[in-house]
Amino acid sequence: AISFMVNFDPSKDPDAEKKIDEIWAKLSEGGKIMMPLQEYPFSKRYGWVADKYGFTWQLILTNPEGEERPRIIPSMLFVNERSGKAEEAINFYLSVFKDSKLGAMVKYPPGGEAKEGTVMFSDFKLLDTWFSAMDAPGTHAFDFNEAVSIIVNCDDQAEIDYYWEKLSAHPENEQCGWLKDKFGVSWQINPKRLEEMMASKDKAALDRVTQAFLKMKKFDIADLEKAYNGE
C-alpha cells in the first residue's frame, strides 16, 4: 500500500521515455505487473510493478510543464475499507505538517469501476518531502502496515509531542518512537539528538541509551540524555 514513485522528466532528460522502459523491464523481471506501462489520464506513460522481492514501484513520465518533483516519491494507496479516504487523509496531513501544500489532484470520472470523485492521482508536499496518494477500488490482499514507515526527525521535545499528539491513533501500536495514524500509516517520530547519541563510539553510553529507548513509546529526550550521560 506504500510504494515508491519514480519520476522521469523529459524536460531534463531527452531519453526519459527510453529510460522508463529500460527500468520497467528490469523491475518487472520475476515480478508482477500491477498496472501496465501505458498512457493514463494523469500521465502519457505510467506503470506500476511489484519487483521480485515484493516491493512495488510506480514509474511515471512527469509533466515537464508542472512544478518540479523529486526523482523518487513515497506513494500511498488507499484500499479496502480505506478506499475513498485519500482526499481526507491528504487534507489531514496538510493540516498537521507546517510548510505543506497540495500539488496535483485528479479524480475518477463517472462510469468506471472506481467511485466517481475519489482520487485517481494526487500529490502533496509535507515540509520538504513530496508524497503521492490514490484511491483503489475493489478488494486487495494488502493494506498499510509497518513494512514501510515514514520518519519525522524532530528538533526538540515540543516537536515530538506535537506530532505524536496529532498523528497517533492506535496506542497499542506505539513502541520505540513508532506510531500508527487513523488511516493505518506508520510513522517514526524521532529526535535528531538520538541519531547523534547512536553515533557515539562510547559503547557503554550507547548500550544505556538503547536500553532506555527500548522501554519507551514516545521518545523522551530528557530521559535519553540521562541514560546517555549515565545519570
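For the structure, see preceding data.
My aim in this report is to walk through the structure given alongside it, one point at a time.

How each quantity is defined
- Residues numbered from 1 in each chain as written.
- Predicted model: local features only at pLDDT ≥ 70, side-chain atom pairs only at ≥ 80, totals over all residues.
- Heavy atoms only, no water.
- Helix = DSSP H or I, 4+ residues; strand = E, 2+ residues; numbered from the N terminus.
- Buried < 20%, exposed > 50% of the residue type's maximum accessible area, 1.4 Å probe, protein only.
- Contact = heavy atoms within 4.5 Å.
- Areas by Shrake-Rupley, 256 points an atom, 1.4 Å probe, with all protein chains shown as cover.
- Lys, Arg positive; Asp, Glu negative; His and termini not counted.
- Charge placed at Lys NZ, Arg CZ, Asp CG, Glu CD.
- Pairing = 2+ DSSP bridges.
- Axes fitted to C-alpha atoms, helices over the stretch in contact; angles between N-to-C directions.
- Salt bridge = Lys/Arg side-chain N within 4 Å of Asp/Glu carboxyl O.
- Phe/Tyr/Trp six-rings, centres within 6.5 Å; stacked < 30°, edge-to-face > 60°.
- Lys NZ or Arg CZ within 6 Å of the ring centre and 35° of its normal.
- Disulfide = S-S within 2.5 Å.
- Core = buried A, V, L, I, M, F, W, Y, C linked by side-chain atoms within 4.5 Å.

What follows deals with the overall build of the protein chain. What the protein chain contains, in helices and strands, is six helices and eleven strands. Projected onto its principal axes, the C-alpha coordinates of the protein chain cover approximately 65 × 35 × 35 Å. Relative to its 231 residues, the protein chain shows a buried fraction of 45%. Within the protein chain, counting contacts between residues at least 6 apart in sequence, those at least 24 apart form 59% of the total. Accessible surface, the protein chain: about 12,400 Å² in total, of which carbon and sulfur atoms supply 51%. Across the protein chain, the mean location of the 29 positive side-chain charges is 2 Å away from that of the 39 negative side-chain charges.

Another point: the sheet that holds strand S10 (residues 178-180). Taken in spatial order, the three strands make up an open sheet running S9-S11-S10, and their pairing is mixed. Here the strands that pair on one side only, and so sit at the sheet edges, are strand S9 (149-154) and S10. Between one strand and the next, the sheet's axes are offset by a mean angle of 30 degrees, whatever the strand orientation. The pairing of S9 with strand S11 (residues 186-191) spans six bridges and is parallel.

Within the chain, Asn 80 stands out as a residue other than glycine whose phi angle is a positive 55 degrees. With respect to the helices, strands and loops of the structure, Asn 80 is situated in the loop between strand S5 (72-78) and helix H2 (86-96). At Cys 176, a position not held by glycine, the phi torsion is positive, near 50 degrees. Along the chain, Cys 176 turns up in the loop between helix H3 (157-167) and S10.

Counted under the stated rule, the structure contains twelve salt bridges. A salt bridge links Asp 143 to Arg 82; the shortest N-O distance between them is 3.0 Å. One end of the pair, Asp 143, is in the loop between strand S8 (129-135) and S9; the other, Arg 82, is in the loop between S5 and H2, and 61 residues separate them in sequence. You'll find Asp 143 and Arg 82 in the same group, each marked buried.

Per the stated rule, a full pass over the model turns up 19 aromatic pairs. Ring centres of Phe 124 and Phe 131 lie 5.7 Å apart, and the angle between their planes is 20 degrees; on these two criteria the pair is classed as stacked. An aromatic cluster is built from Phe 78, Phe 92, Tyr 93, Phe 97, Phe 124, Phe 131, Phe 144, Tyr 162, Tyr 163, Phe 183 and Trp 187, whose rings are joined through pairwise contacts. In this structure, Lys 98 is placed above the aromatic ring of Tyr 162, and the distance from its NZ or CZ to the ring centre is 4.2 Å. When the ring centre of Phe 92 is taken as origin, the NZ or CZ atom of Lys 182, which lies over that ring, is 4.3 Å away.

Along the chain, Tyr 163 turns up in helix H3. Through-space distance from the C-alpha of Tyr 163 to that of Lys 19 is 39 Å; in sequence the pair is 144 residues apart. Ignoring any residue separated from it by four or fewer positions in sequence, one finds Tyr 163 in contact with Val 96, Phe 97, Lys 98, Leu 127, Val 152, Cys 154, Ser 168, Leu 179 and Ile 189.

Here the focus is the state of the cysteines. Here is the idea: a disulfide is a covalent bond, and it sits between the sulfur atoms of two cysteines. With the rule as written, the count across this model stands at zero disulfides. This cysteine, Cys 154, is not joined by any disulfide, and Cys 176 carries the nearest cysteine sulfur, 16 Å off. Taking relative accessible area as the criterion, Cys 176 reaches 18% and is therefore assigned buried.

If you look at soluble globular proteins, the nonpolar side chains tend to sit buried side by side. Ranked by internal contacts, the top residues of the largest apolar core, which has 42 residues, are Met 76, Tyr 93, Leu 167, Trp 187, Ile 189 and Leu 224. Residue contacts for Ile 189: discarding those within four places in its chain leaves Val 152, Cys 154, Ile 160, Tyr 163, Trp 164, Leu 167, Gly 177, Leu 179 and Phe 219. Membership of the second largest hydrophobic core comes to 16 residues, among which are Tyr 46, Ile 73, Val 79 and Trp 130.

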